[in-house]
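Take a look at the letters that make up each chain.
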Amino acid sequence: MDYTIYPSTIPENQLLRIKEAKELYSRAFDNQVFYTVEVPDELVKFIKHAWQWDKNAMPYYYDLLHWHDLYDENVREDGYISFTEFMKKYRDQLVDDTGKPLVEPVVFKNRDMKSYLWNKFADLKYPKFAYEKGWKFSPCKGNNNGEYLPCTDEQLKESIKYFTYALEGGYHCYEDLTARMLFQQGDHYKNNDFKKINKLTEYRKSLTPEDLKLAIDYTEIMAEHSSIIGILRVTEAYLYGLGREQDLVKAYAWTLLSDYAKQTIIEIGNNLAWDYYQLPPVWQYNKEIQTRLEKILTPEQKQAAQNELAKLKTKIIVWNYNRWENQIDDFHPKP
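Fair warning: this is a prediction, and the values are worked out from it, not measured in the lab.

Asker: Even after reading the chapter, I still don't get the overall build of the chain, so can you show me in this structure?
Answerer: When helices and strands are counted, the chain shows 14 helices and zero strands. For the chain, the sequential pattern of α-helices and β-strands runs α-α-α-α-α-α-α-α-α-α-α-α-α-α. Dimensions of the chain along its principal axes, counting C-alpha atoms only, are 80 × 45 × 40 Å. A total of 335 residues make up the chain; the buried ones form 50% of that total. Both charge centroids of the chain, one from 44 positive and one from 51 negative side chains, sit 3 Å from each other.

Asker: Looking at this structure, I do not really get helix H13 (residues 299-314). What am I missing?
Answerer: Counting along an α-helix, one turn takes 3.6 residues, and residues three or four places apart therefore face a common direction. The terminal C-alpha atoms of H13, which comprises 16 residues, lie 24 Å apart, in line with the 22 Å expected from a rise of 1.5 Å per residue. Considered for burial, the residues of H13 that qualify are Ala 305, Glu 308, Leu 309 and Leu 312. Burial along H13 is one-sided: seen end-on, the buried residues are contained in an arc of 115°. Across from the buried face of H13, at angles greater than 90 degrees, the exposed residues are Pro 299, Glu 300, Lys 311 and Thr 314.

Asker: Hey, could you run me through helix H9 (residues 209-224) in this one?
Answerer: With 16 residues, H9 extends 23 Å between its outermost C-alpha atoms, agreeing within 8% with the 22 Å of an ideal straight helix rising 1.5 Å per residue. Those residues of H9 lying buried are Leu 212, Ala 215, Ile 216, Tyr 218, Thr 219, Glu 220, Met 222 and Ala 223. On the buried face of H9, the contacting elements are helix H7 (153-168), helix H8 (174-182), helix H10 (228-240), helix H11 (248-268) and helix H14 (321-325). One or two residues past the end of H9 sits Ser 226, with phi positive at roughly 70°.

Asker: For this particular structure, what's the right way to read the environment of Ser 227?
Answerer: Relative to the helices and strands, Ser 227 resides in the loop between H9 and H10. A sequence separation of 178 residues divides Ser 227 from His 49, and the C-alpha atoms of the two residues are 37 Å apart. Leaving out residues up to four positions away in the same chain, Ser 227 has contacts with Met 222 and Tyr 321. In this structure the side chain of Ser 227 is engaged in a polar contact, spanning 2.9 Å, whose partner is the backbone nitrogen of Gly 230.

Asker: Sorry if this is basic, but what is going on with the nonpolar core here?
Answerer: General note: in soluble globular proteins, nonpolar side chains tend to be found buried as a group. Ile 228 and Trp 254 are the most contacted members of the largest nonpolar core, which totals 56 residues. Every element with two or more residues in this core is listed here: H7, H8, H9, H10, H11, helix H12 (280-296), H13 and H14. When residues of this core are assigned to their parent elements, the largest contribution, nine residues, is made by H11. Beyond its immediate chain neighbours, meaning those up to four positions away, Trp 254 contacts Glu 220, Ala 223, Ile 231, Val 234, Thr 235, Tyr 238 and Leu 312. The next biggest cluster of nonpolar side chains, apart from the first, holds 41 residues, and it includes Ala 21, Trp 67, Leu 102 and Val 107.

Asker: Before we go on, may I ask you to explain the pattern of salt bridges in this structure?
Answerer: Opposite charge on two side chains allows them to pair when their charged atoms are near. The final tally for this structure, using the stated rule, is 14 salt bridges. Between Lys 161 and Glu 158 there is a salt bridge, with its nearest N and O atoms 3.5 Å apart. Taken together, the residues span about one helical turn, with Lys 161 and Glu 158 both in helix H7 at a distance of three residues. In this structure Glu 158 comes out as buried when scored by relative accessible area, which is 19%. A single network of salt bridges, built from pairs that share partners, joins Lys 213, Asp 217, Glu 220 and Arg 244.

Asker: Got a minute to help me understand the packing of aromatic side chains in this structure?
Answerer: We describe a pair of aromatic rings using the distance from one ring centre to the other and the angle between the two ring planes. Under the defined criterion, the tally for this structure stands at 33 aromatic pairs. Geometrically, the ring pair formed by Tyr 25 and Phe 46 is tilted, given 5.4 Å between the ring centres and 35° between the ring planes. With Tyr 25 in helix H1 (residues 18-28) and Phe 46 in helix H2 (residues 40-51), the pair connects residues that are 21 residues apart, well separated along the chain. Put simply, the rings of Trp 51, Tyr 61, Tyr 62, Phe 108, Trp 118, Phe 121, Tyr 126 and Phe 129 touch in pairs and so form one group of aromatic residues. Across the ring face of Tyr 203, the terminal group of Lys 205 is positioned such that the distance to the ring centre comes to 4.5 Å. The cationic tip of Lys 334 hangs over the ring face of Tyr 126; the distance from NZ or CZ to the ring centre is 4.7 Å.

Asker: It is not clear to me how unusual backbone geometry should be interpreted in this structure. Could you clarify?
Answerer: The phi torsion of most residues other than glycine is negative, and most of the peptide bonds are trans. Located in the positive-phi region is Tyr 35, a residue other than glycine, with phi close to 55°. Despite not being glycine, Ser 226 has its phi angle at roughly 70°, a positive value.

Asker: Sorry, what's going on with the environment of Asp 92 here?
Answerer: Among the secondary structure elements, Asp 92 is positioned in the loop between helix H4 (83-90) and helix H5 (113-123). Look at Asp 92 and you get exposed, because its relative accessible area is 61%. Distance from Asp 92 to Leu 102, taken between C-alpha atoms, is 9.1 Å for residues 10 residues apart in sequence.

Rules behind the numbers
- Residues numbered from 1 in each chain as written.
- Predicted model: local features only at pLDDT ≥ 70, side-chain atom pairs only at ≥ 80, totals over all residues.
- Heavy atoms only, no water.
- Helix = DSSP H or I, 4+ residues; strand = E, 2+ residues; numbered from the N terminus.
- Buried < 20%, exposed > 50% of the residue type's maximum accessible area, 1.4 Å probe, protein only.
- Lys, Arg positive; Asp, Glu negative; His and termini not counted.
- Charge placed at Lys NZ, Arg CZ, Asp CG, Glu CD.
- Expected span 1.5 Å × (residues − 1).
- Arc of directions from axis to C-beta.
- Contact = heavy atoms within 4.5 Å.
- Polar contact = N/O pair within 3.5 Å; in protein donor to acceptor, adjacent residues only side chain to side chain.
- Core = buried A, V, L, I, M, F, W, Y, C linked by side-chain atoms within 4.5 Å.
- Salt bridge = Lys/Arg side-chain N within 4 Å of Asp/Glu carboxyl O.
- Phe/Tyr/Trp six-rings, centres within 6.5 Å; stacked < 30°, edge-to-face > 60°.
- Lys NZ or Arg CZ within 6 Å of the ring centre and 35° of its normal.

Structure, rendered in structure tokens:
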């Protein structure tokens, strides 16, 4: 078996983006119901990419081979053809840009190569594979009470490394990344039913001041895209002087921004824009902080916080956090 990782022979500006590869495969092959070829011309295009080591296409070609093994002989709907029939009819179209016939890479002939390649691709910073590998290390599974267990620093370090690669490659995985940077459980919550939230004061003791500041920088990016947890983390940062200089006026302004975001959720009436079932402990904690600050701030400081709030409102870029979180920035994939 050849374990070499080959660069794609397709020009960089013609390589498939992450979501583009998934969409092309979905149009070309039905992997949900009949497991047959739906649009042969699209499958020709897709296989050309997979056979020329387009990394974003390769996972779906493995998927196609799996369904081919299981369902190729099944009865099919009229107008659909099996992968075997497709190869008989369209094999001569699988050529490169010069017209030279393409050959299926040997890595597709041994399914055990799949996990090897995925790990190598992640280490080479291909974002799709780095993102998926980041999930393998944390958070640790909860016990019988649903409480998340502390992760080791080494587990978190590995997860942070791969999520950082994914972030650099266009993923908006700030929430997953900051959870692993900040908390030993590797999650913003203490349990898997989202009843208890970790407080910033419980941050990992091995976290350096530089990485603490970086984590808060990331949560502020989340906040600018209407993340309620992101707003809470910046509130805490100013309240406790963690990752930011302590500033009670700004902390109070951020609690007011959380209230404004809550009202916006109600007005928009679109709970899918936020994970609304996760929010009650955030609202409760925000109110605790706000009540505490109201008792110690002067009227002048409260007015200053209102002025700061007016500025913060203008910094919100979108009001659908989940949609933004699921986006991947456009970039030229690496060969």
